[in-house]
Amino acid sequence: MTTRIPTASDASTAQAPRTWNHWIRLFHRWLSIAFTVAVIANVVAMAKGSTVVWVGFLALIPLAMLLFSGLYLFVLPYAHKWRGGRRTD
Ligand code: HEM
């Protein structure tokens, strides 16, 4: 029995590179913080009796982006199956 010394190419196949999917996941994660901050700003504005409309839209923008990036993340595991088990992340 021979012992094979690991090569650099082994490492690159064992550990997935930082892919497009990774950045979408990161985008979704940080958008969730932006959305949370916007919701808090909304609650504070409402508590002060503010009728400024743009504070409301402030939360809608990250929410819309969360929806699209979230749907993308949702589809990923199924896309993985459709592609015959090839990794999607
Ligand atoms: C608007 C519709 C949204 C959809 C369709 C959606 C969908 C998803 C999906 C499919 C995942 C991946 C789950 C997995 O690991 O397989 C995910 C992760 C996550 N979502 Fe959402 N999401 C939405 C909104 C939100 C909101 C409003 C928040 C918080 C304010 C949020 C916070 C997160 C976080 C923190 C993760 C984990 C990200 C990571 O793995 O680093 N999402 N979401």
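Predicted model only: the values in this text are computed from it and were never measured. (Residues numbered from 1 in each chain as written. Predicted model: local features only at pLDDT ≥ 70, side-chain atom pairs only at ≥ 80, totals over all residues. Heavy atoms only, no water.)

Chemist: Just checking my understanding: could you explain the coordination of the iron atom of the ligand for this structure?
Modeler: Note on metal geometry: ideal angles are 109.5 degrees for four donors arranged tetrahedrally and 90 or 180 degrees for six donors arranged octahedrally. You will see that the iron atom of the ligand has only one donor from the protein, His28 (NE2), lying 2.1 Å away. Its place among the elements puts His28 in helix α2 (residues 20–47). (Donors = N, O, S within 2.8 Å, 3.2 Å for Na, K, Ca; no water. Helix = DSSP H or I, 4+ residues; strand = E, 2+ residues; numbered from the N terminus.)

Chemist: Explanation requested: the environment of Val55 in the structure shown.
Modeler: Of note, Val55 is situated in helix α3 (residues 53–82). Between the alpha carbons of Val55 and Ala45 there is a distance of 7.5 Å; along the sequence they are 10 residues apart.

Chemist: Which parts of the structure should I look at to understand the site of the ligand?
Modeler: Every residue lining the ligand is accounted for by Arg25, His28, Arg29, Ser32, Phe35, Thr36, Leu66, Leu67, Gly70, Leu71, Leu73 and Phe74. At 2.9 Å, a side-chain N or O of His28 approaches a nitrogen atom of the ligand. In the environment of the ligand, an oxygen atom lies 2.5 Å from a nitrogen or oxygen atom belonging to the side chain of Arg29. Those elements that provide at least two residues to the shell around the ligand are α2 and α3. (Near = heavy atom within 4 Å. Polar contact = N/O pair within 3.5 Å; in protein donor to acceptor, adjacent residues only side chain to side chain.)

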